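Structure assessment
What follows is the residue order along each chain.
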Amino acid sequence: MELLRADARRWRALMAARCFSVSIHHPVGRTHAVNAGWEALWRAPAEAFLQLNYNMLEDPQLVENGIMPHVERFFRGEEVAIPPISYDTDLVEELTGKRGGAVWVCSFGVPVRDAGDGFEGVLFQFAVPEAAEIQHKYEALIEDQRALQASLEARNRELEETVRVIAAQRDAIQAMSVPVIRVADGVLCLPIVGMIDDARASALLERLLEAIAAQQAAQVLLDITGVPALDARAAAQLVGAASAARLLGASCTLVGVSPALAQTLVELGVDLGGLDTAATLAEGLTRALAARRGAAQRSAAVAAQRSATVAARAPERGERGEAHRPAALPRGEAHRPAALPRGEAHRPAALPRGEAPSRKR
């Protein structure tokens with residue numbers, strides 16, 4: 001009896017406490033007892049609430065807050081610790097008559113079993129005032145993160161646009177740094193200004209070959225007047241460009257070789273591979289135009305000689321091709337021997353006297 005009295009005292013102390021809420025529930029979800037702390041927490045009269053048909057398993061706020069799986073485990077007879085949630089009693093008209101408000105609560109559920117298989121669910125709840133501040137800070141942090149994400153995305157777009165503009169400017173500068181100029185029919189000039197590195201040499205070769213193929217050029221002038229220094233690697237790249245141009249049928253002339261560059265090439269022992277050179281662009285252009293005129297004159301002479309040869313051979317082919325043929329007969333007439341006079345039959349010619357016709361054995 002003393003043990004029972006001790007348990008009863010403890011239970012009455014829990015039910016009388018106002019610092020936390022105690023509510024007792026049937027396994028089907030309905031509430032049939034609450035303590036004074038429940039009234040203080042939810043700011044609602046206990047007697048009026050117990051007469052309502054409130055069921056935790058049917059509360060839509062618990063579904064929206066995402067804790068319904070914990071509640072369902074509680075009503076299956078399991079101990080549960082429910083995460084803190086914000087519960088607004090104003091949304092439950094039957095609970096407070098819209099006199100309550102939103103409360104942050106933390107909940108723990110414990111099943112109390114009877115002698116049989118039945119049980120009651122005891123739910124302990126207490127307010128967490130600091131949770132509201134934490135929630136506000138969390139929401140502010142989320143908003144800051146969204147703003148930061150939007151700012152980063154905008155900054156990334158700006159950077160992408162800047163990179164695109166820089167790439168376009170680089171391509172334009174690269175195209176301007178390797179210009180291919182058509183100075184005459186079949187003659188191209190490639191003025192080079194500045195140092196020649198690997199990237200620029202690759203662009204130079206690409207644009208030069210494209211221009212030769214597009215314009216069917218036969219003469220190319222590589223003007224290095226604006227190149228301050230030329231090392232062995234750059235000289236080898238120029239020789240490679242000239243070799244590639246020759247494969248397309250164009251001859252290259254290196255113009256604008258200054259005395260300093262010539263001395264450097266000699267000291268480095270650079271072999272220009274038989275590449276034609278000229279002191280100035282004017283000299284190189286004069287040679288190229290002279291070569292073009294000479295090629296045009298030779299082509300015209302060869303064409304004239306070929307035309308004269310063809311014209312001279314035409315009568316001979318005509319005479320050789322004509323054979324002796326009889327005159328053509330009128331249409332419908334066949335070739336037949338001449339008619340004999342009337343009364344004369346066709347007989348063989350007379351033999352000389354004394355000769356008899358021989359018989360074939």
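Residues numbered from 1 in each chain as written. Predicted model: local features only at pLDDT ≥ 70, side-chain atom pairs only at ≥ 80, totals over all residues. Heavy atoms only, no water.

1. Topic: the overall build of the protein chain
The secondary structure content of the protein chain amounts to 11 helices and 10 strands. Within the protein chain, the fraction of its 361 residues that count as buried is 28%. Across the protein chain, every contact between residues at least 6 apart in sequence was considered, and the portion connecting residues at least 24 apart equals 54%. Split by element, the accessible area of the protein chain, about 24,600 Å² in all, is 56% carbon and sulfur. (Helix = DSSP H or I, 4+ residues; strand = E, 2+ residues; numbered from the N terminus. Buried < 20%, exposed > 50% of the residue type's maximum accessible area, 1.4 Å probe, protein only. Contact = heavy atoms within 4.5 Å. Areas by Shrake-Rupley, 256 points an atom, 1.4 Å probe, with all protein chains shown as cover.)

2. Let's talk about the sheet that holds strand β7 (residues 187-193)
The strand order β6-β7-β8-β9-β10 describes an open sheet built from 5 strands, whose pairing is mixed. This sheet does not close on itself; its edge strands, each paired only once, are β6 (181-184) and β10 (276-278). Within this sheet the neighbouring strands show an average axis-to-axis angle of 30 degrees, counted without direction. Note: β6 against β7, 3 bridges, orientation antiparallel. (Pairing = 2+ DSSP bridges. Axes fitted to C-alpha atoms, helices over the stretch in contact; angles between N-to-C directions.)

3. Brief notes about the confidence of the model for the protein chain
Chain-level statistics for the protein chain give a pLDDT mean of 78 and a share of 80% at 70 or above. Counting interchain partners and residues more than four positions distant, the pLDDT-below-50 stretch residues 337-346 has 2 contacts. A low-confidence stretch, residues 348-361 stays under pLDDT 50, and its non-local contacts, those more than four residues away or across chains, total 2 contacts. (pLDDT = per-residue confidence, 0-100.)

4. Quick notes on the sheet that holds strand β1 (residues 21-25)
Read across the sheet, 5 strands follow the order β2-β1-β5-β4-β3 without closing on themselves; strand pairing throughout is antiparallel. Unpaired on one side and paired on the other, β2 (31-34) and β3 (80-88) mark the two borders of the sheet. Recorded for the sheet is a direction-independent mean angle of 30 degrees between the axes of neighbouring strands. Contacts from helix α1 (residues 2-16) reach β1, β2 and β5 (119-127), with the element oriented near 110 degrees to β1.

5. A look at the nonpolar core
Of all hydrophobic cores here, the largest spans 27 residues; its most connected members are I192, I196, V220, I224 and L230. Broken down by secondary-structure element, the contributors of at least two residues to this core are β7, α8 (198-215), β8 (219-226), α9 (232-247), β9 (251-255) and α10 (259-268). Filtering out sequence-adjacent residues up to four positions away, I192 remains in contact with R200, L204, D223, I224, G226, V227 and L238. (Core = buried A, V, L, I, M, F, W, Y, C linked by side-chain atoms within 4.5 Å.)

6. Focus on the pairing of β2
Sheet topology note: the β1/β2 ladder contains 3 bridges and is antiparallel. Its bridge partner being in β2, S23 is matched across the sheet by V34. The turn linking β1 back onto β2 is made up of 5 residues, and G29 within it adopts a positive phi angle of 110 degrees.

7. Thoughts on unusual backbone geometry
Here R43, not a glycine, exhibits a phi torsion of approximately 50 degrees, which is positive. One can find R43 in the loop between α2 (36-42) and α3 (46-50). The backbone of Q216 shows a phi angle near 55 degrees, a positive value even though the residue is not glycine.

8. Focus on the pattern of salt bridges
Applying the stated criterion to the full structure yields 10 salt bridges. Residue D7 pairs with R10 through a salt bridge whose shortest N-O separation is 3.3 Å. Taken as a pair, D7 and R10 lie in helix α1 at a separation of 3 residues, close to a single helical turn. You can call D7 partly exposed: its relative accessible area is 42%. (Salt bridge = Lys/Arg side-chain N within 4 Å of Asp/Glu carboxyl O.)

9. Considerations on the packing of aromatic side chains
As enumerated under the stated definition, the model contains 6 aromatic pairs in all. Both rings, one in W42 and one in Y87, keep their centres 5.5 Å apart while their planes meet at 75 degrees; by these two values the pair is edge-to-face. Pair noted here: W42 is in helix α2 and Y87 is in strand β3, with a separation of 45 residues, a long-range link. Overall, Y87 belongs to the buried group, its relative accessible area being 5%. Ring-pair connections join several aromatic residues into one group, and the members of that group are W38, F49 and Y54. (Phe/Tyr/Trp six-rings, centres within 6.5 Å; stacked < 30°, edge-to-face > 60°.)

10. Looking at the side chain of S23
On the secondary structure map, S23 appears in strand β1. The class of S23 is buried, set by a relative accessible area of 2%. There is a polar contact of 2.8 Å between the side chain of S23 and the side chain of H25. The residues contacting S23, other than those within four sequence positions of it, are T31, A33, V34, W38, G121, V122 and L123. (Polar contact = N/O pair within 3.5 Å; in protein donor to acceptor, adjacent residues only side chain to side chain.)

11. Considerations on the environment of D197
Structurally, D197 is set in the loop between β7 and α8. Residue classification places D197 among the partly exposed positions, given a relative accessible area of 44%.

12. Thoughts on α9
In this model, α9 (16 residues) spans 23 Å end to end at C-alpha, consistent with the 22 Å of a helix rising 1.5 Å per residue. When α9 is considered as a whole, its buried residues turn out to be A234, A235, L238, V239, A241, A242, A244 and A245. Buried residues in α9 make contact with β7, α8, β8, β9 and α10. (Expected span 1.5 Å × (residues − 1).)

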